[in-house]
Amino acid sequence: MLFELSEEQLMIQQAARDFAQTELKPGVIERDEHQKFPKEQVQKLGELGFLGMMVDPKYNGSGMDAVSYVLVMEELSKIDASASVVVSVNNSLVCYGLEAYGNEAQKEKYLKPLASGEKIGAFCLSEPEAGSDATSQQTTAEDMGDYYLLNGTKNWITNGSTASTYLVIAQTHKELRHKGINAFIVEAGTPGFTIGPKENKLGIRGSDTHSLMFNDVKVPKENRIGEDGFGFSFAMKTLEGGRVGIAAQALGIAAGAYELALEYSKQRKSFGKPISDHQAIAFKLADMATQIEAARMLVYKAAWLKDQGQSYTLAGSMAKLFASKVAMDVTVEAVQIHGGYGFVKEYHVERLMRDAKITQIYEGTSEIQKMVISRSILSK
């Protein structure tokens, strides 16, 4: 077992760390307060090659490995999970889905500008009545010959109003249930495609989350991804990579809160000495550090398995389940260590605590991850 990062991976990690400190940290509290999308920062992330990290350079990608990707997600998420979720969605769901399953024409037209960061994408699976039960798609795509007619609503879509390219999952053959589902590429501005109000969220408030409505939207036949009925498989295969990205986000949120708590505990004095000298605080920090390191090993292993071309379904679910719980536990303790200051926005930890919760919900809830894990271990 080799636990050392390569020189290139260390350079990528440092670049992400520097970017988070110099570009994301200034204004992060204000963006959270006013639900402001980090447009300029996302543009710079694209220029750094962080929006198409694992895409082949022939499609304008950076050609990096999955381990480098989770390193970047971790560092960005320590400071601003609203920015890192854009990186996650664009890399894990949109770019990966198009590169792995799109045809050459789709890659040329859509993947290239997404991988370069010129445009960003959105992944549209969830619906008002189809969250964890992704088979219950109510959005329909009626085959009209040379085009599909799309009707329905999608909920909680990241990059909802800022994306240019939307990957939309819809039901074409209802009688076939999940085998009748298709995946489509829909362009922003297509007639009949409207965007609902921005969601007012607990956490990741800078992230651009909307409902999307499709009313007789014409989607050209050439914009279907894969064969007829491939949509559900496309969504599930794509989400496997998404789980690893969100696991890395959860890890970063936890690590960011821990680093703030550790620094604060050395500066804040109580009863004549730093609070870190009190066993009650020292033991909290010990637990936090151990949990984070365990989560980090799970996340890195899942990314490594992906790089090796091995199955990472089980590893990805374990990483997301555990890292998201660690994010919640550690951020709550970080607020506790800060005491009254932890409840104040300028100390950052209250925001990280709010951001942590979503990692247990999106890209498959913790309950869904337990289903994936239990089925895997019981089938052996």
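Residues numbered from 1 in each chain as written. Predicted model: local features only at pLDDT ≥ 70, side-chain atom pairs only at ≥ 80, totals over all residues. Heavy atoms only, no water.

1. Quick notes on the overall build of the protein
For the protein, the count of helices and strands is eleven helices and ten strands. A burial count over the protein gives 54% of its 380 residues as buried. Of the roughly 16,700 Å² that the protein leaves accessible, carbon and sulfur atoms contribute 53%. Each charge sign in the protein was given a centre, from 41 positive and 47 negative side chains, and these centres are 4 Å apart. (Helix = DSSP H or I, 4+ residues; strand = E, 2+ residues; numbered from the N terminus. Buried < 20%, exposed > 50% of the residue type's maximum accessible area, 1.4 Å probe, protein only. Areas by Shrake-Rupley, 256 points an atom, 1.4 Å probe, with all protein chains shown as cover. Lys, Arg positive; Asp, Glu negative; His and termini not counted. Charge placed at Lys NZ, Arg CZ, Asp CG, Glu CD.)

2. As for empty space enclosed by the protein
Applying the stated criterion across every chain yields a total of one cavity of 30 Å³ or more. In this structure, the largest cavity spans a volume of roughly 50 Å³. Taken together, Val-28, Arg-31, Asp-32, Lys-36, Pro-38, Asp-80, Ser-82, Arg-205, Gly-206, Arg-351 and Asp-355 form the lining of the largest cavity. Counting only elements with at least two residues in the lining of the largest cavity, the list comes to helix 2 (28-34) and helix 10 (349-357). With three residues, the single largest contributor to the lining of the largest cavity is helix 2. For the lining of the largest cavity, the class distribution of residues is two nonpolar, two polar and seven charged. (1 Å grid on protein atoms, 1.4 Å probe; cavity = no way out; pocket = protein on both sides within 12 Å on 5 of 7 lines; lining within 4 Å. Points joined across faces, edges and corners; volume = space filled by probe spheres on them. Nonpolar A, V, L, I, M, F, W, Y, C, P; charged D, E, K, R; others polar.)

3. Focus on the layout of surface pockets
Quantified by volume, the largest pocket comes out at close to 1,100 Å³. If you go around the largest pocket, you meet 41 residues; those closest to its centre are Ser-126, Ile-361, Tyr-362, Glu-363 and Gly-364. Among the elements of the structure, helix 5 (81-101), strand 3 (147-158), helix 7 (231-267), helix 9 (313-338), helix 10 and helix 11 (366-378) are those that each provide at least two residues to the lining of the largest pocket. Residue contributions to the lining of the largest pocket peak at six residues, all from helix 7. Residue composition of the lining of the largest pocket, by class: 21 nonpolar, twelve polar and eight charged. In this model, the second largest pocket occupies a volume close to 450 Å³. Taken together, 13 residues form the lining of the second largest pocket, with Leu-2, Phe-3, Tyr-300, Lys-301 and Trp-304 sitting closest to its centre. Counting residues per element, the lining of the second largest pocket draws most heavily on helix 8 (residues 279-307), which supplies five residues. Residue composition of the lining of the second largest pocket, grouped by class: nine nonpolar, one polar and three charged. Counting residues domain by domain, the lining of the second largest pocket receives three or more from each of domain 1 (7-120) and domain 3 (239-379). (Domains from an automatic or database assignment.)

4. Here's the deal with the UniProt feature "domain: Acyl-CoA oxidase/dehydrogenase middle" (unreviewed entry) in the protein
Within this numbering scheme, the UniProt entry marks residues 122-217 as carrying the feature "domain: Acyl-CoA oxidase/dehydrogenase middle" (unreviewed entry). The annotated region residues 122-217 carries 0% helix and 50% strand content, and the separation between its end C-alpha atoms amounts to 17 Å. (UniProt positions renumbered as here; feature names shortened; annotations may be inferred.)

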